[in-house]
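Structural overview for review
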Amino acid sequence: MRLLLYGGTFDPPHNGHLNNLSAAAARVRPDKVVVMPAGVPPHKRASATPAALRLEMCRCFEALTAGPDPAAPELTVSRWEIDQAEAGRKNYTVLTLEMLARETPGAALYLTVGSDMLCSFDEWHRWQDILRLAHLVVVSREIGDDPALHRAAKRLDPMGGRILFAPVRALPMASSTIRSRLAAGERCDDALPEAVRRVIRREGLYKSEK
């Protein structure tokens with residue numbers, strides 16, 4: 001079995017996230033996709049958006065496997081990292097992969113990462129163990145950054161067996177930019193799935209505090 005992990009803060013999840021996950025899934029052809037909203041990411045300031053709402057917004061990813069294709073993978077939105085945070089435990093990606101390896105013995109694990117993450121991957125906690133546990137599936141966030149990506153991959157994985165590249169037409173966008181646009185009163189229909197916009201409207205998220 002092939003299991004593809006896609007993690008992030010998802011504050012909020014946007015069309016760039018869906019685009020990247022779709023590209024990674026097309027590259028790997030997994031049997032199962034696990035979308036994993038972060039609890040308290042070690043490398044970022046904690047999200048101000050309640051975890052339950054980020055988890056709900058991540059249901060937008062289910063649209064990727066909702067079609068009639070019988071070969072479409074199973075998709076699960078997991079709250080495991082959120083539960084770790086609520087229990088007062090700091091989580092790292094390597095711990096999530098170790099959990100998935102325990103729960104799905106014999107599965108081949110794949111981890112989706114953005115291009116910016118690959119270039120700083122050797123700063124991740126126990127990054128060598130991550131490469132031992134899973135293949136990295138790299139999708140580009142910026143148009144034209146492939147040469148830098150391939151240099152980083154060669155440095156991290158000289159034998160070339162643990163890092164895969166997913167061809168994608170990049171949609172450069174960031175959740176932080178979208179939050180600023182929403183705070184300024186923009187609708188962001190071009191960047192956000194309707195399922196996400198519905199939660200934002202209902203809860204009044206990302207409004208300016210001024």
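Analysis parameters
- Residues numbered from 1 in each chain as written.
- Predicted model: local features only at pLDDT ≥ 70, side-chain atom pairs only at ≥ 80, totals over all residues.
- Heavy atoms only, no water.
- UniProt positions renumbered as here; feature names shortened; annotations may be inferred.
- Helix = DSSP H or I, 4+ residues; strand = E, 2+ residues; numbered from the N terminus.
- Rg over C-alpha atoms; globule rule 2.2 N^0.38 Å.
- Buried < 20%, exposed > 50% of the residue type's maximum accessible area, 1.4 Å probe, protein only.
- Expected span 1.5 Å × (residues − 1).
- Core = buried A, V, L, I, M, F, W, Y, C linked by side-chain atoms within 4.5 Å.
- Phe/Tyr/Trp six-rings, centres within 6.5 Å; stacked < 30°, edge-to-face > 60°.
- Pairing = 2+ DSSP bridges.
- Axes fitted to C-alpha atoms, helices over the stretch in contact; angles between N-to-C directions.
- Salt bridge = Lys/Arg side-chain N within 4 Å of Asp/Glu carboxyl O.

- The name given to the chain in an unreviewed UniProt entry is Probable nicotinate-nucleotide adenylyltransferase, with Candidatus Faecalibacterium intestinavium as the source organism.
- In its Pathway (unreviewed entry) section, the UniProt entry covering the chain states "Cofactor biosynthesis; NAD(+) biosynthesis; deamido-NAD(+) from nicotinate D-ribonucleotide: step 1/1."
- The Catalytic activity (unreviewed entry) field of the UniProt record for the chain holds the comment "nicotinate beta-D-ribonucleotide + ATP + H(+) = deamido-NAD(+) + diphosphate".

**Some remarks on the overall build of the chain**
- For the chain, the helix and strand inventory stands at nine helices and six strands.
- Its C-alpha atoms give the chain a radius of gyration of 17 Å, near enough to 17 Å, the size a compact globule of 210 residues would have.
- Overall, the C-alpha framework of the chain stretches about 50 × 40 × 40 Å when taken along its three principal axes.
- Taking all 210 residues of the chain together, the buried fraction comes to 45%.

**What to know about helix α1 (residues 15-28)**
- With 14 residues, α1 ought to run about 20 Å at 1.5 Å a step, and its terminal C-alpha atoms sit 20 Å apart, in line with that.
- Looking one or two residues beyond α1, the residue adopting positive phi is Arg29, at roughly 55 degrees.

**Some words on the nonpolar core**
- One finds Leu4, Leu21, Val35, Phe61, Val137 and Ile200 to be the most contacted residues of the largest nonpolar core, which totals 35 residues.
- By residue number, the principal contributor to this core is α1, which donates six residues.
- Counting residues in hydrophobic clusters, the runner-up holds 26 residues, among them Leu97, Leu111, Trp127 and Ile163.

**As for the packing of aromatic side chains**
- For the structure shown, the criterion picks out five aromatic pairs.
- Ring geometry for Tyr6 against Phe10: centres 5.6 Å apart, planes inclined by 55 degrees, an arrangement best described as tilted. Of the two residues examined, Tyr6 and Phe10, each falls in the buried class.
- Between Tyr6 and Phe61, the ring centres sit 5.9 Å apart and the planes meet at 85 degrees, which makes this aromatic pair edge-to-face. Taken together, the residues Tyr6 in strand β1 (residues 2-8) and Phe61 in the loop between α2 (51-57) and β3 (74-77) connect sequence positions 55 residues apart.

**Looking at the sheet that holds β1**
- Read across the sheet, six strands follow the order β3-β2-β1-β4-β5-β6 without closing on themselves; strand pairing throughout is parallel. Both outer strands of the open sheet, β3 and β6 (163-166), are each paired with one neighbouring strand and no more. The mean angle between the axes of side-by-side strands here comes to 25 degrees, regardless of whether they run parallel or antiparallel.
- Taken together, the six bridges between strand β4 (residues 108-114) and strand β5 (residues 134-139) define a ladder with parallel strand orientation. Opposite Leu109, over in β5, you have Ala134 as the bridge partner.

**What to know about the pattern of salt bridges**
- Counting across every chain of the model gives 17 salt bridges.
- Put simply, Asp129 and Arg132 hold a salt bridge, and the shortest N to O gap is 3.6 Å. Residue Asp129 and its partner Arg132 are located together in helix α6 (residues 127-133), separated by three residues, close to a single helical turn.
- Each of Arg187, Asp189, Glu194, Arg197, Arg198 and Arg201 takes part in a single network of salt bridges with overlapping partners.

**Examining unusual backbone geometry**
- Omega for the peptide link from Asp11 to Pro12 comes to 0 degrees, which places this bond in the cis form.
- Tracing the backbone through its elements, the reader meets Pro12 in the loop between β1 and α1.
- One non-glycine residue, Arg126, lies in positive phi territory at about 55 degrees.
- Structurally, Arg126 is set in the loop between α5 (115-119) and α6.

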